[in-house]
Amino acid sequence: MGLQRFGRPKGVESKSSPNLFVANCGPAVGLSHDTIASVFSAFGEVKGVCSADESGARVIVSYGDESSAKAALEALDGQPCPDLGGRSLHIRYSVLQPTLQGKVNDSVPVSLVALDLNIPGLYLLHDFVSPKEEEELLAAVDDKPWKSLAKRRVQHYGYEFCYETRNVNTRQHLGELPSFVSPILERISLFPNLDNHANIVLDQLTVNEYPLGVGLSPHIDTHSAFEGFIFSLSLAGPCIMEFRRYTEGTWLPNTSSTSTKVQTPENGPNFLRRAIYLPPRSMLLLSGEARYAWHHYIPHHKVKTDPCQCEYPQYCDS
């Protein structure tokens, strides 16, 4: 909503302010900013709601005056809120922090549906598998051997992605995809844009297990190793995925690199950013512009003892 950047309060007590830091509340727990604003507007005019950090579970609620913020804090802090799914909110005053010259405000609104991002070729289907199917998939995956990387574990089926060469060896076929993904593949036709889904061949599957706090660096999947459709199924927990498209520099459609990057400053104002909440059991599709022109990533987080910390899911690319 274009709000200025506010800091997380330090200590138990903080100075009175028209701005509230609200934890256990946000898109990562299924609550949109509009829903939050509607609830907090009962105590006064809400100027806006924005993400407090990249967790998706903490927001800043800004009022036009301190009295409204005080009323909301006293009424809602530590209390279950029926209008917000019965969640107990943890609220403190928050203060405006000075912006460093030349630094880009890194907050970005988090959308709940793909259409809101306005990225051609990006689709998200909720509840693609049932809770029971999710349990069965996780159990089936855990019965298979893992390969340990620096910060995560992986499994490869069909063809193995070689991280040393940033590509696959098409002459080394690992066999057919495991039977536990067959029901998933049969539902690919549910995506509205796949008119010729019968002609789509899915012969490669990578299972990634991300520990708490570990994310995914910005990248565009290797063009030579992966074709035009990338399906990603989220299991075991939610996450926030961000997208970035650079408005300057060069985008090369053919490369053997696992990450197609442009030569532009990381902290410059020359890229567009979008973010979407991926709930458990949802299936994401990257195709067209979303596949080839937008970097996608999951921000890394410092691990803290915090009940609102978002746990990253297992993330399957096929």
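See the structure above.
Criteria and thresholds
- Residues numbered from 1 in each chain as written.
- Predicted model: local features only at pLDDT ≥ 70, side-chain atom pairs only at ≥ 80, totals over all residues.
- Heavy atoms only, no water.
- Pairing = 2+ DSSP bridges.
- Helix = DSSP H or I, 4+ residues; strand = E, 2+ residues; numbered from the N terminus.
- Axes fitted to C-alpha atoms, helices over the stretch in contact; angles between N-to-C directions.
- Contact = heavy atoms within 4.5 Å.
- Phe/Tyr/Trp six-rings, centres within 6.5 Å; stacked < 30°, edge-to-face > 60°.
- Buried < 20%, exposed > 50% of the residue type's maximum accessible area, 1.4 Å probe, protein only.
- Lys NZ or Arg CZ within 6 Å of the ring centre and 35° of its normal.

S.K.: Looking at this structure, how should I read the sheet that holds strand 14 (residues 216-219)?
M.R.: Adjacent strands of a sheet pair through backbone hydrogen bonds, lying either parallel or antiparallel. Spatially, 14-19-16-17 is the arrangement adopted by the 4 strands of the open sheet, whose pairing is antiparallel. One side of each edge strand has no neighbouring strand; the edge strands of this open sheet are strand 14 and strand 17 (271-278). Across this sheet, the average inter-strand angle for adjacent strands is 20 degrees, counted without regard to direction. Summarising the sheet, strand 16 (residues 239-246) and strand 17 pair through 8 bridges and their orientation is antiparallel. Looking at strand 17, one finds that Arg-245 is bridged to Leu-272.

S.K.: Would you mind going over the environment of Glu-45 with me for this structure?
M.R.: Topologically, Glu-45 is positioned in the loop between helix 1 (33-40) and strand 3 (46-51). Taking C-alpha positions, Glu-45 is 7.7 Å from Ser-68, a pair spaced 23 residues apart along the chain. Once you skip the residues sitting within four places of it in the chain, Glu-45 turns out to touch Ser-62, Tyr-63 and Gly-64.

S.K.: Mind showing me how you'd approach the packing of aromatic side chains here?
M.R.: Each aromatic ring pair is characterised by the separation of its centres together with the angle its planes make. Per the stated rule, a full pass over the model turns up 4 aromatic pairs. With centroids separated by 6.1 Å and ring planes inclined at 85 degrees, the aromatic side chains of Tyr-157 and Phe-180 adopt a geometry described as edge-to-face. Residue Tyr-157 is found in strand 10 (residues 153-157), and its partner Phe-180 is found in the loop between strand 12 (167-168) and helix 4 (182-186); the two are separated by 23 residues along the sequence. The exposure class assigned to Tyr-157 is buried, which follows from its relative accessible area of 13%. Residues Tyr-246 and Phe-271 carry aromatic rings whose centres are separated by 5.5 Å and whose planes lie at 65 degrees to one another, so their mutual orientation is edge-to-face. Residue Tyr-246 is found in strand 16, and its partner Phe-271 is found in strand 17; the two are separated by 25 residues along the sequence. Three or more aromatic residues link up through ring pairs in this structure, and these residues are Phe-128, Phe-191 and Phe-231. Against the face of Phe-271 rests Arg-244, its NZ or CZ located 4.5 Å from the ring centre.

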